[in-house]
Amino acid sequence: MPTGTSKRGGKKRKGPLIGALLALVLVAGGTAAVLLKPEVGEPGKAVTRSAARPGKAMTYAEVFERVSPAVVSINVTLTMDPAAERQLPFGFGLDDDEEPGREGRGPGGRGEAPQDGPAQERASGSGFFISPDGLILTNNHVVQEDGEIEVALKDGRELKATVIGRDETTDLAVLKVADPKDPKAKFPFVDFQDASKPRVGDWIIAIGNPFGFGGTATAGIVSAYGRDIGQGVDFLQIDAPINRGNSGGPTFDTYGRVVGVNTAIYSPSGGSVGIGFAVPADQAAAVARQLMSGKVIRRGYIGASVGSVTPGLAEAEGLEGVKTGALVAGLTRGGPAERGGLKTGDVVIAVDGHKVETSGEMTRAVGKAKPGQIVRLTVIRDGRRRTVIVRTGTRPSERELAEREGRRGGG
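Note that the structure is a prediction, hence the values are computed from the model and not measured.

Scoring rules and cut-offs
- Residues numbered from 1 in each chain as written.
- Predicted model: local features only at pLDDT ≥ 70, side-chain atom pairs only at ≥ 80, totals over all residues.
- Heavy atoms only, no water.
- Pairing = 2+ DSSP bridges.
- Helix = DSSP H or I, 4+ residues; strand = E, 2+ residues; numbered from the N terminus.
- Core = buried A, V, L, I, M, F, W, Y, C linked by side-chain atoms within 4.5 Å.
- Buried < 20%, exposed > 50% of the residue type's maximum accessible area, 1.4 Å probe, protein only.
- Contact = heavy atoms within 4.5 Å.
- Arc of directions from axis to C-beta.

For the rest of this paragraph, the subject is the pairing of strand S8 (residues 148-152). Inspection of the sheet shows S8 paired to strand S9 (residues 158-167) by four bridges, in the antiparallel sense. By the bridge assignment, Ala152 is partnered in S9 with Glu158. Connecting S8 to the next strand, S9, in antiparallel fashion are five residues, including Gly156 with a positive phi near 100 degrees.

Moving on, we get to the nonpolar core. Counting residues in each nonpolar core, the largest one holds 31 residues, and the members touching the most others are Phe128, Ile130, Leu137, Phe192 and Phe252. For this core, the secondary-structure elements that each account for two or more residues are helix H1 (60-67), strand S7 (135-139), strand S10 (172-177), strand S11 (203-208), strand S15 (258-266), strand S16 (276-280) and helix H2 (281-292). When residues of this core are assigned to their parent elements, the largest contribution, six residues, is made by H2. Beyond its immediate stretch of four places on either side in the chain, Leu137 contacts Gly127, Phe128, Ile130, Leu172, Ala173, Val174, Phe192, Gly248, Val261, Ala284 and Ala288.

This part is about H1. Inspection of H1 places Val63, Arg66 and Val67 among the buried residues, and these make up the whole buried set. Seen from one end, H1 has its buried residues packed into an arc of 80 degrees, which puts them on one side.

It is worth spelling out the environment of Ala123 at this point. As for its placement among the helices and strands, Ala123 is situated in strand S6 (residues 119-129). Ala123 sits 121 residues away from Arg244 along the chain, and the two C-alpha atoms are 9.9 Å apart.

With that settled, the discussion passes to unusual backbone geometry. One non-glycine residue, Asp171, adopts positive backbone phi at about 60 degrees. Positive phi outside glycine occurs at Asp382, with the angle close to 55 degrees. With respect to the secondary-structure elements, Asp382 resides in the loop between strand S22 (374-381) and strand S23 (384-391).

Glancing now at the side chain of Ser359. For Ser359, the position within the fold is in helix H5 (residues 359-368). Residue classification places Ser359 among the buried positions, given a relative accessible area of 10%. The contacts of Ser359, once residues within four sequence positions are left out, are Asp228, Val306, Gly307, Ser308, Gly325 and Ala326.

Shown next as C-alpha cells:
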C-alpha cells in the first residue's frame with residue numbers, strides 16, 4: 001500500500017493513506033476482472049408508473065411480470081487480430097464452452113479463428129429500455145469496445161444496437177435499437193425511482209443475464225448507501241445475488257421502479273458472495289438524461305490524489321482534532337491543485353462550503369464543478385484552517401486517471 005508524507009512540526013511523517021481496497025469485480029459476462037395498468041409489456045407504455053399501486057407494494061412475481069419485458073440481454077462480438085496478444089478489455093470475459101446458447105466456441109471458451117481470418121470473442125451483459133423509441137441504459141464496460149452489439153428482447157427479437165452516449169465515470173452508456181421490420185415500433189420501458197429512496201432493509205429484485213441465462217430474477221434487500229469503491233459514484237449496496245452478465249441490468253423496488261443499475265460485486269472468487277453495488281437511480285437518471293440528449297458529460301478536475309481520513313490515519317499522520325475529511329496524498333505536477341496552492345498532507349474538509357467527510361465525497365464535489373470553474377477548498381494544514389482557491393480543469397478518462405494515480409482516489 002502506498003504511503004505519503006506530510007509536514008508536522010518540521011518533520012515528515014509517513015503513514016497509510018487509504019484503508020484496504022475492496023476486491024471488486026465488474027460483472028460483464030465471463031472471466032472476472034478485479035477492480036469489480038398498461039398490459040404487461042404493452043409497446044410504448046411505461047410498464048411501471050401506472051402499474052405501481054399507490055400505497056401497496058407488489059409481490060416479486062408481480063414485479064417481474066410487469067417489468068421484465070423492458071429488460072434485455074446484451075451480447076458484444078469483438079474481432080481480434082490472431083497475431084496479436086488476445087486480451088479482453090477491462091471488465092470483459094468469455095463464455096465457457098458449456099455455457100448454454102453459445103455457438104462457435106473454441107478451446108478455453110475463446111472463438112475458434114479461421115486459419116486466414118481473425119478470431120472473435122464474445123462478451124455479455126444486461127440493460128433495460130428507458131424510452132419507447134428504443135433507448136437502452138447499460139454499463140459502459142459492457143459496450144466499451146468497437147464490437148458488434150446485439151440486444152436480445154424477452155419476446156425473442158434480436159436487434160442490432162449502436163452506442164449514442166457513454167460516461168466512464170459512472171460506467172453508464174445509452175444504446176439505441178430499432179426493429180428493421182417495423183421502424184416505428186415502440187418498446188416497453190421502465191421508470192426510475194429518483195424522487196425518493198428505498199430504506200436500508202427494503203426489499204428489491206434484480207433482473208438480468210448472469211452467465212448467459214437471460215431473464216433471471218434474484219431478490220434481496222437494500223444493504224447500505226454511500227459505498228465508495230473508487231469510481232466517483234455514491235454506490236448503493238444490495239444483497240440480491242448478481243453475477244457476471246448482470247452488468248448494466250436494473251434493480252427494482254417492490255413498486256416496479258428502478259432503484260439502481262448493477263455494476264460491480266465484492267468477491268474473492270469472481271462469483272457472487274452477496275455483496276453487490278449499483279449506481280443509484282437518481283445519479284443514473286441524471287446521467288441518462290444527458291446522454292439521451294446527445295450531451296458529452298464533462299466534469300471538473302483538480303489533479304489531487306486523496307484518501308479518506310480514519311481514526312488510525314489521523315493518529316499516524318498526527319492530525320490532532322481532525323476526524324473526517326480527504327487527505328491529499330499526491331498532486332499532479334503542474335495540475336490545477338498544485339497551481340492553486342494545495343499541498344500534500346492537507347486535509348480537505350469542505351468544497352465550496354459543503355462539508356466533505358470522505359475522499360469519495362470530495363471527488364464527487366469537485367466533479368460537479370464545470371471545467372474552468374473556481375472552487376474553494378477548506379483545508380486543515382499544520383493544525384490551522386485555510387482556504388485554497390483552485391480553477392478546475394477537465395477530468396481525464398478513467399484510464400488516464402488510473403495511469404496517473406494508480407489505485408488511489410482522485411479528483
